[in-house]
Amino acid sequence: MHKRQIHISLPATGEEEWQAVREPIMSGWLTQGPKVAEFEAQFAKAHDVKHALAVTSCTTGLHLALAAMGVGEGDEVIVPAFTWVATANVVLYCGATPVFADVDPMTFNMDADDVVGKITEKTKAIIPVHLFGLCADMDAIRKVIPPHVKIIEDAACAAGASYQGKKAGGLGDAGVFSFHPRKSITTGEGGMITTNDDALFEQMNMMRNHGASISEEQRHKGAHPYLLPAFNLLGFNYRMTDLQGAVGLVQLAKLESFISERANWAAWYRDQLADVAWLRLPDEPAGGRHAWQAFTTWVEPERAPMPRNDIMDALQQRGIATRPGTHAVHMLGLYRDRFGIRADDFPAAKACDAHTMAIPLHNRMTADDYAYVVECIKGIAS
Ligand SMILES: *Cc1c(COP(=O)(O)O)cnc(C)c1O
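Scoring rules and cut-offs
- Residues numbered from 1 in each chain as written.
- Predicted model: local features only at pLDDT ≥ 70, side-chain atom pairs only at ≥ 80, totals over all residues.
- Heavy atoms only, no water.
- Axes fitted to C-alpha atoms, helices over the stretch in contact; angles between N-to-C directions.
- Helix = DSSP H or I, 4+ residues; strand = E, 2+ residues; numbered from the N terminus.
- Parallel < 35°, antiparallel > 145°, perpendicular 65-115°, else oblique.
- Left-handed = near helix turned anticlockwise from the far one by under 90°.
- Contact = heavy atoms within 4.5 Å.
- Nonpolar A, V, L, I, M, F, W, Y, C, P; charged D, E, K, R; others polar.
- Core = buried A, V, L, I, M, F, W, Y, C linked by side-chain atoms within 4.5 Å.
- Buried < 20%, exposed > 50% of the residue type's maximum accessible area, 1.4 Å probe, protein only.
- Domains from an automatic or database assignment.
- Pairing = 2+ DSSP bridges.
- Patch = residues over 30% accessible without salt bridge, like charges linked within 9 Å, V, L, I, M, F, W, Y side chains within 5 Å.
- Areas by Shrake-Rupley, 256 points an atom, 1.4 Å probe, with all protein chains shown as cover.
- Salt bridge = Lys/Arg side-chain N within 4 Å of Asp/Glu carboxyl O.
- Buried area = accessible area lost by both parts, 1.4 Å probe.
- Polar contact = N/O pair within 3.5 Å; in protein donor to acceptor, adjacent residues only side chain to side chain.
- Near = heavy atom within 4 Å.

1. Digging into the packing of helix α11 (residues 308-317) against helix α14 (residues 367-380)
Thought 1: One way to put it is that α11 packs onto α14 with a least axis distance of 10 Å and a crossing angle of 135 degrees. Considered as vectors, α11 and α14 are oriented oblique to each other. Of the two possible hands of crossing, α11 and α14 adopt the one that is right-handed. Contacts between α11 and α14 involve Ile311, Ala314 and Leu315 on the former and, on the latter, Cys376, Ile377 and Ile380.
Thought 2: Its residues assigned to classes, the contact of α11 with α14 comprises 6 nonpolar, no polar and no charged.

So, in structure tokens, the structure goes:
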């Protein structure tokens, strides 16, 4: 019998994605062009927003959104302390200061009560994260921030998620998604910004392309060969390639089935693991839809038969990959040293860092794989 190997995540790509890249390769239109435009239109439609802008990653998308909003030196941006490091890094890219807020250990998302004390005159924006595919409590956050503070959703994990009947990506001034292979739909690397704000869209559109006033595609099709675009602002090259756009279109068409399959297995995990007293399981939100980018559990430190890391090692030995949900960013060397933050300044984020454990949930797993994961977790106690 060969040893079972269950990855924490594995992108569900195959023949259709392979075929999709043929067209741009044969036509020679490789960078942002018709495939990206179609991907943007379909993505906007699927998330009930006016505009979608493809970029090279969620990280560059978050940077672009902040830059286009004019966030810079002297400004503060509130971010959760438990998230992927990129959520805070993008604030530093702008020369602004990230201000951490603690999270709710039950949802792993930004705690609106803790945001209250973090607002100052310098607060320019806030980046709630929809961690693991569960939308942050946007109503609670909106209630505690002044109306001029811009809201950017870090929706890296939340393609297809919704909150109180509204889709992620349309819950703030802008939303930013990731298509890294660890997320539910992928383009290798890639991201998408969504917004209903026309002026912000125009600004981001220019700044994505070096600050050029018209796109390459428009220039290519234009009547006057001597006309170069105007460059009136500092931009970046954050364009997605058409190869990625083509793959993204195929993946996006599968998003609904990917999520419903994940939701079914998440429910199955909850049912099967309900009697494992030392493991807290993530739930479906009331009034919304979890996108199940990851199934992140909480190992109860007082009840578990051994420390979380030993449990993770034991599962690894049986071929099951697990990961901490994500990290407490305020404890990472860069932030700890630069801002003199202590681990205990954000106790919930610190606890999430220590006790969360994501177990395999993705669209390449079989029923046998899921049963094996459950069997091995239940075997831990004995
Ligand atoms: C994955 C992730 C990012 C970064 O996405 P990239 O596309 O890899 O840049 C940012 N924030 C969160 C919460 C993530 O999970």
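That covers the picture; the talk isn't over yet.
2. Looking at the nonpolar core
Thought 1: With 52 residues, the main nonpolar core has Leu64, Leu66, Phe100 and Ile127 as its most contacted residues.
Thought 2: Shared between two domains, this core holds at least three residues of each, these being domain 1 (15-254) and domain 2 (256-381).
Thought 3: Beyond its immediate stretch of four places on either side in the chain, Leu66 contacts Val71, Val77, Val90, Val91, Cys94, Ala125, Ile127 and Ile152.
Thought 4: Grouped together as the second largest cluster of nonpolar side chains are 40 residues, Phe43, Val149, Ile151 and Leu255 included.

3. Let's talk about the sheet that holds strand β9 (residues 191-195)
Hydrogen bonds along the backbone pair up the strands of a sheet, which may run parallel or antiparallel.
Thought 1: Pairing is mixed across the open sheet formed by 7 strands, whose spatial order is β1-β9-β8-β5-β4-β2-β3. A strand with exactly one partner marks an edge of an open sheet, and here the two such strands are β1 (51-55) and β3 (97-101). Adjacent strand axes in the sheet meet at a mean angle of 25 degrees when their direction is disregarded.
Thought 2: Judged from the 4 bridges that link them, strand β8 (residues 174-178) and β9 form a sheet pairing that is antiparallel. Each bridged residue has a counterpart across the sheet, and for Val176 the counterpart in β9 is Ile193.

4. A look at the sheet that holds strand β11 (residues 295-299)
Thought 1: Read from one edge to the other, the open sheet built from 3 strands follows the order β10-β11-β12, with strand pairing classed as antiparallel. Both edges of this open sheet fall to β10 (279-280) and β12 (356-359), since each of them pairs with a single strand only.
Thought 2: Looking at chain direction, β11 and β12 are connected through 4 bridges and run antiparallel. Each bridged residue has a counterpart across the sheet, and for Phe295 the counterpart in β12 is Ile359.
Thought 3: Along the sheet face, α11 touches β11 and β12 and points at about 20 degrees away from the line of β12.

5. As for a nonpolar patch on the surface
Thought 1: Together, Ile25, Met26 and Leu30 make up an exposed nonpolar region whose accessible area comes to about 320 Å².
Thought 2: Within the element layout of this structure, Met26 appears in helix α2 (residues 22-27).

6. A word on the domain arrangement of the chain
Size of an interface: often given as the accessible area lost when the parts come together.
Thought 1: Domain boundaries assigned for the chain yield domain 1 (15-254) and domain 2 (256-381).
Thought 2: Placing the centre of domain 1 and that of domain 2 at their C-alpha centroids yields a distance of 26 Å.
Thought 3: Taken together, the contacts link 38 residues of domain 1 with 40 residues of domain 2.
Thought 4: Overall, the association of domain 1 and domain 2 removes approximately 3100 Å² of surface from exposure, summing both partners, and the carbon and sulfur fraction of that is 63%.
Thought 5: Sorting the residues of domain 1 by area buried against domain 2 places Phe82, Phe100 and Phe132 first, and these three jointly supply 21% of that buried surface.
Thought 6: Here domain 1 and domain 2 share 0 salt bridges between them.
Thought 7: Counting across the interface, domain 1 meets domain 2 through 19 residue pairs in polar contact (both at pLDDT 80 or more).
Thought 8: Classifying every residue of the side of domain 1 that touches domain 2 by side-chain character gives 22 nonpolar, 10 polar and 6 charged.

7. Remarks on the site of the ligand
Thought 1: Contacts to the ligand come from 14 residues, most closely from Cys58, Thr59, Asp154, Ser178 and Lys183.
Thought 2: Note that an oxygen atom of the ligand is positioned 2.5 Å from one of the side-chain N or O atoms of Thr59.
Thought 3: Residue Asp154 places a side-chain N or O atom 2.8 Å away from a nitrogen atom belonging to the ligand.
Thought 4: Bound to the protein, the ligand loses 90% of the 390 Å² it would expose on its own.

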